[in-house]
Amino acid sequence: MGRVYDAVILAGGQARRLGGRDKPALTVGARSLVENVVAAASGARRTIVVGPERPLPGVLFAREDPPGSGPIPALTAGLAHVTAPWVALLAGDLPFLTVAHVRALLDAAGPGAGAVMVDDGGREQWLAGAWPATELKQALASYGGRSLKGLLAPLAGTRLALPGRPWFDCDTMDDLEEARMNVLNEWTALACKELGIDPATVDRDQILDLTKEVAHGVARPAAPLTAYLLGLAQGAGTAPEDAVAKLTTLAKNWGRATTETLTDD
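Quick caveat, the model's predicted, so the values are computed rather than measured. (Residues numbered from 1 in each chain as written. Predicted model: local features only at pLDDT ≥ 70, side-chain atom pairs only at ≥ 80, totals over all residues. Heavy atoms only, no water.)

### So, a nonpolar patch on the surface
A grouping of Leu225, Tyr228, Leu229 and Leu232 is seen on the molecular surface, where their side chains present a nonpolar patch of about 420 Å² in accessible area. The topology assignment puts leucine 232 in helix H8 (residues 222-236). (Patch = residues over 30% accessible without salt bridge, like charges linked within 9 Å, V, L, I, M, F, W, Y side chains within 5 Å. Areas by Shrake-Rupley, 256 points an atom, 1.4 Å probe, with all protein chains shown as cover. Salt bridge = Lys/Arg side-chain N within 4 Å of Asp/Glu carboxyl O. Helix = DSSP H or I, 4+ residues; strand = E, 2+ residues; numbered from the N terminus.)

### Section: the pairing of strand E4 (residues 46-50)
When you tally the buried positions in E4, you get four out of five residues, the bulk of the element. Here five bridges tie strand E1 (residues 5-10) to E4, and the two strands are oriented parallel to one another. Bridge assignment links aspartate 6 to a residue of E4, and that residue is arginine 46. Strand direction decides the pairing type here: E4 and strand E5 (residues 60-62), joined by three bridges, are parallel. Pairing of valine 50 across the sheet is with alanine 62, part of E5. (Buried < 20%, exposed > 50% of the residue type's maximum accessible area, 1.4 Å probe, protein only. Pairing = 2+ DSSP bridges.)

### Some remarks on the sheet that holds E4
If you walk across this open sheet you meet the seven strands as E5-E4-E1-E6-E8-E7-E9, and the pairing is mixed. At either margin of the open sheet sits one strand with a lone partner, and together these are E5 and strand E9 (156-161). Each adjacent strand pair in this sheet contributes to an overall mean axis angle of 25 degrees, direction not counted. Taken together, the five bridges between strand E6 (residues 86-91) and strand E8 (residues 124-132) define a ladder with antiparallel strand orientation. Pairing of tryptophan 86 across the sheet is with proline 132, part of E8. Along the sheet, helix H2 (residues 71-79) makes contact with E1, E4, E5 and E6, crossing E1 at roughly 145 degrees. The strands that helix H4 (residues 133-141) touches are E6 and E8; relative to E8, the one it contacts most, it runs at about 115 degrees. (Axes fitted to C-alpha atoms, helices over the stretch in contact; angles between N-to-C directions. Contact = heavy atoms within 4.5 Å.)

### Details of the environment of glycine 2
With respect to the helices and strands, the residue glycine 2 is situated in the segment before E1. When its relative accessible area of 34% is taken as the criterion, glycine 2 is described as partly exposed. Along the primary structure glycine 2 and serine 147 are separated by 145 residues, whereas in three dimensions their C-alpha atoms are 30 Å apart.

### Details of the packing of aromatic side chains
According to the stated counting rule, one finds three aromatic pairs in the structure shown. With 6.4 Å between their ring centres and 55 degrees between their planes, tryptophan 167 and phenylalanine 168 make a pair best called tilted. Of the two residues, tryptophan 167 and phenylalanine 168, neither departs from the other in class, the shared state being buried. Feature note: the residues Phe96, Trp167 and Phe168 constitute an aromatic cluster, connected by ring pairs. Above the ring of phenylalanine 168, the side-chain terminus of arginine 165 is found at 4.8 Å from the ring centroid. (Phe/Tyr/Trp six-rings, centres within 6.5 Å; stacked < 30°, edge-to-face > 60°. Lys NZ or Arg CZ within 6 Å of the ring centre and 35° of its normal.)

### Points about the side chain of serine 69
Within the secondary structure, serine 69 sits in the loop between E5 and H2. Taking relative accessible area as the criterion, serine 69 reaches 19% and is therefore assigned buried. Within the structure, serine 69 has its side chain in polar contact with the backbone oxygen of proline 66 (distance 2.7 Å). (Polar contact = N/O pair within 3.5 Å; in protein donor to acceptor, adjacent residues only side chain to side chain.)

The quantities given are spatial measurements derived from coordinates; they are silent on function.
Shown next as structure tokens:
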């Protein structure tokens, strides 16, 4: 049986590089960022999210004082609700974090010392770690600084590299787009495997451009229908070589549609 732990998820930052958006609520795949982290910590005895309340069943919410005052006040607010002997301290914007990653951190922590994840450059990610609760509370009580590194580095016994980029966070719109494209890459590979299709034969970007044109130029429900009809035609061997280009032109010309002009340049 694994170590008993509570999870403290910091999800109350001001997201300045995202234009002040509610970063934890932004979605990657089918989940918001904070929902993914909560799911990754599903083995926790108690999950404390430090930040604005949101519809997350079974989660206890806390708030730093004042709101947005930084990670040390946020950690203080979260630790006040921790009763388990171990704490998983996590950022609220980790789209690739999984249950296995959290468990690996807990397993790597040693007696009286924590484990912190490192990225692909070997840099510690202080909002992706597991810590002994008693030692962490004692260190926080005597700490006068504002840096998580200053607080946690003396407690770090293990620095752990894990597969799958679980340390990747979404600080900018480029980060968010990269995370979303990663999900799309994984889905494309899995769908192709399930359907017996060689992924190398799929021009994903061309298909995405087609469905985007259809959604905007015709109607949103027409986009998945068009992709399905294209697949049927290709499977039956009746689709012309330039089928995607023809359908894209159809969608672009839909606003001035006549049977004579739809595919005209």
